[in-house]
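# Tertiary structure, described
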Amino acid sequence: MTIPGHDQSTHRLRAEWGPTGAVAIPADIAVVVDVLSFTTTLSVAVERGIEVFPFRWKDSRASEHAMRHGATLAVGRFEALSRGDARHVSLSPASLAEVEGVMRLVLPSPNGSTIAFALAEAGARVVGACLRNASAVAAWLAPQVAAGASVVVVPAGERWHDDSLRPAVEDLWGAGAVLAALVDLLGPEADPSPEARVAIAAWRAVDLPTDLLGCAGGRELAEVGFVADVDIAAQHDVSTVVPVLDGESFRDAAKRDEDPGGRHLRRVDGRG
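About the criteria used
Residues numbered from 1 in each chain as written. Predicted model: local features only at pLDDT ≥ 70, side-chain atom pairs only at ≥ 80, totals over all residues. Heavy atoms only, no water. Phe/Tyr/Trp six-rings, centres within 6.5 Å; stacked < 30°, edge-to-face > 60°. Lys NZ or Arg CZ within 6 Å of the ring centre and 35° of its normal. Buried < 20%, exposed > 50% of the residue type's maximum accessible area, 1.4 Å probe, protein only. Helix = DSSP H or I, 4+ residues; strand = E, 2+ residues; numbered from the N terminus. Pairing = 2+ DSSP bridges. Salt bridge = Lys/Arg side-chain N within 4 Å of Asp/Glu carboxyl O. pLDDT = per-residue confidence, 0-100. Contact = heavy atoms within 4.5 Å. Core = buried A, V, L, I, M, F, W, Y, C linked by side-chain atoms within 4.5 Å. Axes fitted to C-alpha atoms, helices over the stretch in contact; angles between N-to-C directions. Parallel < 35°, antiparallel > 145°, perpendicular 65-115°, else oblique. Nonpolar A, V, L, I, M, F, W, Y, C, P; charged D, E, K, R; others polar. Arc of directions from axis to C-beta.

## Let's talk about the packing of aromatic side chains
Note on aromatic pairs: each is described by the distance of the centres and the angle between the planes. Across all of its chains, the model carries 0 aromatic pairs by this definition. Between the NZ or CZ atom of Arg166 and the centre of the ring of Trp160, over which it lies, the distance is 5.7 Å.

## Describing helix α2 (residues 38-47)
Of all 10 residues in α2, 9 are buried; the element is thus mostly enclosed. Among the residues of α2, Phe38, Thr39, Thr40, Thr41, Leu42, Ser43, Val44, Ala45 and Val46 are the ones counted as buried. Gly49, located one to two residues past α2, shows a positive phi value of around 80°.

## Brief notes about the pairing of strand β11 (residues 249-252)
Both strand β10 (residues 243-246) and β11 contribute to a ladder of 4 bridges, which runs antiparallel. Counterpart to Pro243 in the pairing with β11 is Asp252. In this structure, the hairpin formed by β10 and β11 is closed by a connection of 2 residues, where Gly247 is found at a positive phi of approximately 70°.

## Overview of the pattern of salt bridges
Throughout the structure, instances matching the rule amount to 6 salt bridges. Residues Arg48 and Glu100 are paired through a salt bridge, measuring 3.2 Å at the closest nitrogen-oxygen approach. Separated by 52 residues along the polypeptide, Arg48 in the loop between α2 and β3 (51-55) and Glu100 in the loop between α5 (93-96) and β5 (104-108) bring together distant segments of the chain. What makes Glu100 exposed here is its relative accessible area of 65%.

## Things to note about the environment of Pro194
Relative to the elements of secondary structure, Pro194 occurs in helix α9 (residues 194-205). Between the alpha carbons of Pro194 and Arg14 there is a distance of 8.2 Å; along the sequence they are 180 residues apart.

## Observations concerning the confidence of the model for the protein chain
Detailed reading of the predicted coordinates is not advisable wherever pLDDT falls low. Looking at the protein chain, pLDDT values average 88 and 88% of them are 70 or higher. The model gives residues 262-272 a pLDDT under 50, and that stretch makes 20 contacts with residues more than four places away or in other chains.

## A short note on the nonpolar core
Counting residues in each nonpolar core, the largest one holds 48 residues, and the members touching the most others are Val31, Leu141 and Leu212. Mapped onto this core, the elements with two or more residues apiece are β1 (13-15), β2 (29-33), β6 (125-129), α7 (134-146), β7 (151-155), α8 (169-186), α9 and α12 (227-233). Leave out the neighbours within four places in its chain, and Leu212 touches Val35, Leu36, Glu170, Trp173, Gly218, Val230, Ala233 and Ala234. Residues Phe38, Ala94, Phe117 and Val154 belong to the second largest nonpolar core, which totals 34 residues.

## Brief notes about unusual backbone geometry
Between Leu36 and Ser37 the backbone carries a cis peptide bond, its omega angle lying at 15°. With respect to the secondary-structure elements, Ser37 resides in the loop between β2 and α2. With omega at 0°, the peptide bond leading from Leu208 into Pro209 counts as cis. Topologically, Pro209 is positioned in the loop between α9 and α10 (210-214). Unusually for a residue other than glycine, Asp163 sits at a positive phi of about 75°. Examined against the element boundaries, Asp163 turns out to sit in the loop between β8 (158-159) and β9 (165-166). Of note in the backbone geometry, Asp191 takes a positive phi value of approximately 55° without being a glycine. Its location among the elements puts Asp191 in the loop between α8 and α9.

## Describing the pairing of β5
Two faces, one strand: in a regular strand the side chains alternate between the faces of the sheet. Most of β5 is tucked away: 5 of the 5 residues are buried. Of the two faces of β5, the one carrying Arg104, Val106 and Pro108 and the one carrying Leu105 and Leu107 are both buried. Strand direction decides the pairing type here: β3 and β5, joined by 5 bridges, are parallel. Across the sheet, the residue bridging to Phe53 is Val106, located in β5. Summarising the sheet, strand β4 (residues 72-73) and β5 pair through 2 bridges and their orientation is parallel. Within β5, the residue paired with Leu73 across the bridge is Val106.

## Some details on the packing of α8 against α9
For the pair α8 and α9, the least separation of the axes is 7 Å and the interaxial angle reads 105°. In terms of orientation, α8 and α9 fall into the roughly perpendicular class. Taken together, the residues of α9 that come into contact with α8 (itself represented by Leu172, Trp173, Ala175, Gly176, Ala177, Leu179, Ala180, Val183 and Asp184) are Ala196, Ala199, Ile200, Ala202, Trp203 and Arg204. Along the lines of polarity and charge, the residues of the contact of α8 with α9 split into 12 nonpolar, 1 polar and 2 charged.

## Notes on helix α11 (residues 216-223)
Within α11, burial applies to Gly217, Gly218 and Leu221. Down the axis of α11, the buried set is contained in an arc of 100°. They therefore lie on one face. Facing away from the buried side of α11 by more than 90 degrees, the exposed set consists of Glu220 and Glu223. Gly225 occupies a position one or two residues after α11 and carries a positive phi of about 95°.

As structure tokens, then:
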């Protein structure tokens, strides 16, 4: 629901937190940022040519969803470790970077997936961004903004135990990285909102990888043995992919433009 005075509609570049904030700020294009780790894992998968089906739930419904699409289901980090089998694809971006032979992947993410689908249902074109592909996403957005499109960048945040939003500073940095690159490309035409300018300022103040390893989300992962995931998430502008949500799945914008009917054909004939 849009609240008068809160929609940032007088600015082309907008920013707002979490699933509730995302749908309160309408825009033509919405960029979801979940650095630790949904959109980082998404970027790694799409770099490897994998079609990614985000899913809201991590229970048996995720397995059914994977079967329906002929896809591999990514399991939780600890579940993958307990199985001790490299064939199991994990939500860990570091482990996904080593995967071979996967063409389609169901990626359970109650937070990132919920935001992505809520934005799509509201009519926005949805893009996944992180630190790894921030400038690539900005370069893809820039001509559309120059032509008059509006953009909202959504730092996903995390959840406290009572299910309230926990703003995650790493997502603010990721949002700021995309917005800063857009401002650099567009100059005075960028027109960021005050909220967007705060994200840009946060990004310009960050010290990577030190701050990502030192923030709450980074420490949480490092302390349970997943420091490699934080290291991968801290890599800035190492990827050129732009994951765009088309129906139920993300694919790279460049591949969608080259073969706009390919995904539909693969679904019809049942081949990956």
